[in-house]
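What follows is the residue order along each chain.
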Amino acid sequence: MRLGSIILFAALCAFTAYYVYEPIPEDIEERWKLMLTDAFFRSLSHLADFSELVGLKDYMGVMYVITLIENVVPVSDEHVMVTMENFDGVEVVLYQPKQQSGDDTEPRRAVIYLHGGGWCLGSSRMGPYDMLARKMTIELNAVIVSVEYRLAPAHHFPVPYEDVYRVVKHFLQMGVLAQFSVDPGRIAISGDSAGGNLAAAVSQQLLKDPTQQIHLKAQALIYPVLQALDLNTPSYQQNQDMPILPRTLMVRFWSEYFTSDKAFFRAMMANTHNNPESSSLLKFVNWSAFLPEAYRRKYNYSAPTVVHGEAEQEFGTSEPSRSLADPRASPLLVPDTALHSLPKAYILTCEYDVLRDDGIMYVTRLRTAGVAVTHEHYDTGFHGALMFTVWPTDFLLARRMTDNYVKWLKENL
Ligand SMILES: *[C@@H]1O[C@H](CO)[C@@H](O)[C@H](O)[C@H]1NC(C)=O
Ligand SMILES: *[C@@H]1O[C@H](CO)[C@@H](O)[C@H](O)[C@H]1NC(C)=O
């Protein structure tokens, strides 16, 4: 008994020392809570690696547990009516404000929301997304369309993107908007992380669609992923071991979005995955040109190596290679002329986030193209923070971010 306790105690200490200790910056608030939260994510990631190694279940299959444990059944309450709908073959969770008595049906705002999770994880049915959608429904008196797009690796690019595009095309029709009492002039698209990627991509592609008559009024991108060409920007380098989204995991998401070929993952890890076609687009993600001085820090620019020969033969004409140059996957890869008619934008970035520079480069590029951009940068923020609103992993930062984001929508939509 006593020996058992000692062994258990020793094991716990080892576990804690191994997983909890990590170099989390001093200025991050609620530091201990973040360390413990991250210890969970990292142990799950190690378990997932192990499971894949011994052939039990693939890595993302194990990581999907994160989605499952936060799963809720979105139901109506006294203020919000929640229904599951099918928009052109894609499932959505629809949140509508309940009519106040006496109030006439004034047209309402709408937000199409795309959840994060690296195109591989996440669901509109996760508790934090459900809570966010309810808050937005009430505070904005808005209809929220939360899209349950299909995920990689079962469905590689462009399937997740195309699911979202179909939903948007379906929703942005006069008849459909009228059905939900939505004002066609007050519709935004928004999403966090990979959801921000999809939101930015859809906003761009809609402009190119000559049949599209109803346009988006705003796009709100929360720590978005915006390019796959340079995975060594200063923020990737500075934050490669940060909690929640270390560089390895982000690279894993990117490679799984495109292909299950592990060689592509290894090439992306080494930042040697560019091919002659994608390398001609490197100018659009040149951080030495698009990052303000203050964000370049101590890093010196060197363009990602373009590997010819063996690697080119391996990926040269393959699917992932073509996807790499596709702006529907990397919205930064378009010229200014494709940006200038975009709806006004809100872009949230966090200091301790590998994706920080993706967001900041888009801020620069959109502003240069003449788009109105509100850039909110969180000096002590970390990736994924907006999701941490539910006990026991509730962060004050998440509440602040949510309030500021909703406030922007209130003022701009
Ligand atoms: C990146 O920008 C710098 C200057 O801002 C320039 O010297 C360099 O040639 C550019 N590189 C690429 C690949 O566009
Ligand atoms: C960047 O370049 C400068 C000047 O060439 C050099 O002094 C510095 O050490 C370099 N920084 C890094 C991180 O390599």
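Scoring rules and cut-offs
- Residues numbered from 1 in each chain as written.
- Chains lettered and ligands numbered in written order.
- Predicted model: local features only at pLDDT ≥ 70, side-chain atom pairs only at ≥ 80, totals over all residues.
- Heavy atoms only, no water.
- Helix = DSSP H or I, 4+ residues; strand = E, 2+ residues; numbered from the N terminus.
- Rg over C-alpha atoms; globule rule 2.2 N^0.38 Å.
- Buried < 20%, exposed > 50% of the residue type's maximum accessible area, 1.4 Å probe, protein only.
- Areas by Shrake-Rupley, 256 points an atom, 1.4 Å probe, with all protein chains shown as cover.
- Pairing = 2+ DSSP bridges.
- Axes fitted to C-alpha atoms, helices over the stretch in contact; angles between N-to-C directions.
- Salt bridge = Lys/Arg side-chain N within 4 Å of Asp/Glu carboxyl O.
- Patch = residues over 30% accessible without salt bridge, like charges linked within 9 Å, V, L, I, M, F, W, Y side chains within 5 Å.
- Right-handed = clockwise from strand over helix to strand, strands pointing away.

A. Here's a closer look at the overall build of the protein chain. Within the protein chain, the secondary structure is distributed over 18 helices and 8 strands. For 413 residues, the compact-globule formula gives about 22 Å, and the C-alpha radius of gyration of the protein chain, at 21 Å, lands near that figure. Overall, the C-alpha framework of the protein chain stretches about 70 × 60 × 40 Å when taken along its three principal axes. Counting every position in the protein chain, which comprises 413 residues, the buried fraction comes to 56%. Of the roughly 17,400 Å² of accessible surface on the protein chain, a fraction of 57% belongs to carbon and sulfur atoms.

B. Structural detail: the sheet that holds strand 8 (residues 373–382). Overall, mixed pairing links the 8 strands, which are arranged 1-2-4-3-5-6-7-8 in an open sheet. Whereas interior strands pair on both sides, the edge strands pair on one side only; in this sheet they are strand 1 (80–87) and strand 8. Going from strand to strand, the sheet's axes swing by 20 degrees on average, the running direction of each strand aside. Judged from the 5 bridges that link them, strand 6 (residues 218–222) and strand 7 (residues 344–352) form a sheet pairing that is parallel.

C. Broad picture of the pattern of salt bridges. Applying the stated rule across the entire model yields 26 salt bridges. Between E52 and R252 there is a salt bridge, with the nearest N and O atoms lying 2.9 Å from each other. Taken as a pair, E52 in helix 2 (residues 31–53) and R252 in helix 10 (residues 247–258) lie far apart in primary sequence, 200 residues in all. R252 sits in the buried class, given a relative accessible area of 9%.

D. Fine view of a nonpolar patch on the surface. On the surface, a cluster of nonpolar side chains totalling about 480 Å² of accessible area is made up of F50, L53, V54 and L56. In this fold, L56 is placed in the loop between helix 2 and helix 3 (59–63). Since its relative accessible area comes to 69%, L56 is described here as exposed.

E. Region of the structure containing the pairing of strand 5 (residues 182–192). Pairing of strand 3 (residues 108–114) with strand 5 involves 6 bridges; the strand directions are parallel. Among the inter-strand pairings, I112 is bridged to a residue of strand 5, identified as I189. Where strand 5 and strand 6 come together, 5 bridges link them in parallel fashion. Paired with D192 across the bridge in strand 6 is I222. After leaving strand 5, the chain enters helix 8 (residues 194–207) and then returns to the sheet as strand 6, a path that is right-handed.

Honestly, that's just the spatial picture; any functional story needs more than this.
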